[in-house]
Each structure stands twice: as C-alpha cells, then as structure tokens.
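The lines below spell out each chain.
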Amino acid sequence: MLALRAGRAFDGEHSVAGPVTVITENGTIKAVEQGHPDVPGAEVVDLGTATVLPGLIDTHVHLCADSENGALDRLPGFSPEQIDAVIEDSLARQLRAGVTTVRDLGDHQWSVIEQRGRHVQRVLGSGPPITCPRGHCWSMGGETSGDDALRRAVRERAERKVDIVKIMASGGFATPGTNVSDCQFTEHELRVVVEEAHAHGLPVTAHAHSLAAAQRAVAAGVDGIEHLSCLTDRGMQVPPDLMDALAEADIAVCHTLGVTQEPPPFIKEAWEKIGMSYTTKVSMAGLMYDHGVKTVAGTDGGIGAGKPHGALPFSVADLVKGGVPNAGALAAATSQAAKVCGVTKGVLKPGWDADIIAVRGDPMRDITALGNVTTVVIGGQIVTTTLPMDRRE
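Described below are features of the structure shown in this document. Predicted, not measured: the structure shown is a model, and the values here were computed from it.

### So, the environment of C132
Tracing the backbone through its elements, the reader meets C132 in the loop between β10 (122–125) and α3 (147–159). If near-sequence neighbours (up to four positions away) are discounted, C132 is found in contact with E143, T144, Q184 and F185.

### Remarks on the sheet that holds strand β9 (residues 99–104)
Strand order across the open sheet formed by three strands is β8-β9-β10, with parallel pairing between neighbours. Only two strands of the sheet have a single partner each, and these edge strands are β8 (56–61) and β10. Between one strand and the next, the sheet's axes are offset by a mean angle of 20°, whatever the strand orientation. For β9 and β10, the ladder comprises four bridges, and the chain directions are parallel.

### Side note on the nonpolar core
In this structure, I130, I225, L228, L246 and V316 are the most contacted members of the largest nonpolar core, which totals 91 residues. When residues of this core are assigned to their parent elements, the largest contribution, six residues, is made by helix α5 (residues 211–220). If sequence neighbours within four positions are ignored, L228 has contacts with A208, A214, L242, L246, V253, K281, M284 and M288. In terms of nonpolar packing, the next biggest core, distinct from the first, is built from 17 residues, A6, V20, I356 and A358 among them.

### Regarding the environment of S170
Mapped onto the secondary structure, S170 falls in the loop between β11 (165–168) and α4 (187–199). Considering only alpha carbons, one finds S170 and I83, 87 residues apart in sequence, at a separation of 26 Å. Of note is the side chain of S170, whose polar atom sits 2.9 Å from the backbone nitrogen of H209.

### Some details on the side chain of D300
Checked against the element boundaries, D300 lands in the loop between β16 (295–296) and α9 (312–321). One polar contact links D300 to H62, side chain to side chain, over a distance of 3.0 Å. Aside from chain neighbours lying at most four places away, what touches D300 is H60, H62, H227, T256 and K307.

### Some remarks on α5
Buried within α5 we find L211, A213, A214, A217, V218 and A220. Where α5 terminates, the next one or two residues include G221, which has phi positive at roughly 90°.

### Brief notes about the packing of aromatic side chains
What describes a pair of aromatic rings is the distance from one ring centre to the other and the angle between the planes of the rings. By the definition in use, this model includes two aromatic pairs. Taking 6.4 Å as the distance between ring centres and 5° as the angle between the ring planes, the aromatic pair formed by W271 and Y278 counts as stacked. The class for Y278 is buried, based on a relative accessible area of 18%. Across the ring face of W110, the terminal group of R160 is positioned such that the distance to the ring centre comes to 4.3 Å.

### Thoughts on the pairing of strand β7 (residues 51–54)
Judged from the two bridges that link them, strand β2 (residues 8–10) and β7 form a sheet pairing that is parallel. Its bridge partner lying in β7, R8 is registered against T51. Here four bridges tie β7 to strand β17 (residues 356–359), and the two strands are oriented antiparallel to one another. The residue bridging L53 from the neighbouring strand is I357, located in β17.

### Points about the pattern of salt bridges
The final tally for this structure, using the stated rule, is 21 salt bridges. The salt bridge partner of D66 is R74, with a shortest N-O separation of 2.7 Å. Between E187 and R191 there is a salt bridge, with its nearest N and O atoms 2.6 Å apart. Residue E187 and its partner R191 are located together in helix α4, separated by four residues, close to a single helical turn. Connected through salt bridges with shared partners, the residues R8, D362 and R365 form a single ionic network.

Quick notes on the rules
- Residues numbered from 1 in each chain as written.
- Predicted model: local features only at pLDDT ≥ 70, side-chain atom pairs only at ≥ 80, totals over all residues.
- Heavy atoms only, no water.
- Helix = DSSP H or I, 4+ residues; strand = E, 2+ residues; numbered from the N terminus.
- Contact = heavy atoms within 4.5 Å.
- Pairing = 2+ DSSP bridges.
- Axes fitted to C-alpha atoms, helices over the stretch in contact; angles between N-to-C directions.
- Core = buried A, V, L, I, M, F, W, Y, C linked by side-chain atoms within 4.5 Å.
- Buried < 20%, exposed > 50% of the residue type's maximum accessible area, 1.4 Å probe, protein only.
- Polar contact = N/O pair within 3.5 Å; in protein donor to acceptor, adjacent residues only side chain to side chain.
- Phe/Tyr/Trp six-rings, centres within 6.5 Å; stacked < 30°, edge-to-face > 60°.
- Lys NZ or Arg CZ within 6 Å of the ring centre and 35° of its normal.
- Salt bridge = Lys/Arg side-chain N within 4 Å of Asp/Glu carboxyl O.

Structural data, given as structure tokens:
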C-alpha cells in the first residue's frame, strides 16, 4: 500500500480541496480521503503542497521519431537498434513530463507494436498508418489501395492486436510530395476501413488537415480525427454543420496542439501558402469545445524540435489559451483521454489504475503548473521524483 499526502487534487474531472491523501493498493486506487488520516500498513509519502492528479495521457505521439527536425524523413535509414534507442528516449522524455500512457499513431514497420509490453508506461498503438501509395507517411509501411487491400490491411492490424486503426485521410506536412489540402481516400474507401475495423472491435481515427477530408471521415463514421485544421482554398474554416456532426456522433478530436519553439522555415512557408495559422488553430479548439465537440489532448510528439516528446503540458496550456476551461483542458489529458483510449486510467477514484503524478502549484488556477512535475507513480509504484520526501511506514 502507498499513501500519497498532498495539498490538493484534481481527480480527472473536478478539483478536490485539500489536504488530501490518495491511497493505493496492488496497483489500483483504494481511496481518496480528505485530510491526512493514518493508513496502517501503508508507506506514507508526504508531497507537501503539491497537487496530485491522474497520470497524463498523450493521445498522439510518434515514439520512433527522435524530437529533431526531419525525424520522420530519417526513419527509413534507422537500424532496428537505433529505433529501439529512439523509442526508449522518447518514453523517458514523456515520463519526465508526467505522461504515464501514450498512444502511438505512426509506427515504423510495427516497431512500437512489437514492444508495447516492455516499458514502464502503458503504450497503445496503431501500427503503420494506412495511407495511399506514396501518401503521407508511406515509408512507415502502410501503403494500401483498393477495397480488398484496405480490408486486408485492417485485418492485419487486428491480427497484430493494435489498439486503434489510423488512416491518413489527407496529405501531411512531413511527407514531401503530399498535399495537406488533398483527400487521399474517397468517402467510400474510408467507410470500408471503418466497417472492417468495427467488425474487429477496433476504433478508427483519421488524420485530416483539409476540411474536405474531415467531412469525408465524419460521413464515413470514424471514431476520432487528428489535427482537424479545416483547411480550404480560403484558409482555415470550420462550418457549424461540421461541429454539429462531430458533437452528435461523439467523435473525439485531437488538435495536436503544443509547440515548444518556432517551426522550421519550410513549415512556416507552407503554412503561409495555404492560409494556416497556429493562433487560429488554438482558437478553433476552444470554439469546437464550446460547441460540445469531444476534445482530447495530444502533441504529435517527436516529429520535430518544436514538437518534442514530453510537450503535453504545452498542449494542455494551448487548449486553455483557446478558451477551454482549466478543468476541461486537464480532463482532455486525463479522464477524457482515458475514455477515448479505452483504458482504466485518468481518474483518481477507487478501482482505477494507480497512475498518479504530483505537480508544484495548482493547475486549476494556473495551467502552467502542469509543467512542474515532481513525482510520477505508475501502478502504485513511485518511478520518478524530484522532491525530498518524508517517507515512513
């Protein structure tokens, strides 16, 4: 048993006034108590004035990507040993940021899927994303064309026990020769993938930068959309009927916010050409949240120097900048993300997995406190801490 004493808590949905004590046993949460009661037989850890909350969940990462510019371009040249080393480093960066669960949505040749159980964090994955011939991220190994081949691609993922199927509905910035404004699959083809995946009990999320690709994905019945930049020939536009459809269908949207530095010049130039603005993207996230669109936090972690692994606190802070309330932004990285990922994490309540972090300050008052992680607990075990703690039996 472990008893974590803290100044206050966020339970994944609401703020809990302190002081509080979170009690864990055999890897699960046993109780969340007001005050600091005696817990016979437990190891007591005093976290002082820190806030405890569920371990964070980044719903969109690329563990094979090394957090440097051009990361995805270099992947085909990596040896298996190099990819393993990158994955280890990526997870270490995530752990320091308080991320206890990651969902990998762009795996190179099944590297992440094949080693999901080796790591301290919970790793979920899609395998190589399904893409059209020479489409976005084609070098990862997911090129597919035609109805029969699309069905086979989904069945292969089911056989490899992926957690989710990802399909590239539009082009992407990171793959030369693709156009983010183009659709890579027809609505019919997207529906083929969705129907086959659902038949195997798997959800589908679609990478979609263009508005047309997002509209096709929604019509096809996907469970999630990544990026959702809503690009048109007149810049970024999110029509009310799209938001209505997203909310009505309960489709989870990951806006992949969170940047730690300016994008490289070629990305900025590409954005300017198509009328894309990061400020507008942040504002759109708040607009969609207010419209009732299910929002989860994710970073696209690893794809570049401005998108490193461990940037989830920046992503959550950007949701707040866009107008999402602090509680909603924190839920997007905890309880809401857990529901979308299908894991028993993300909530500080009895019976849930004991993945817990402590941060200095109160993120319900100042969201940047989420970036000051002091302690990480996974499965009821302290795996990292920077605090000198009073520990006693």
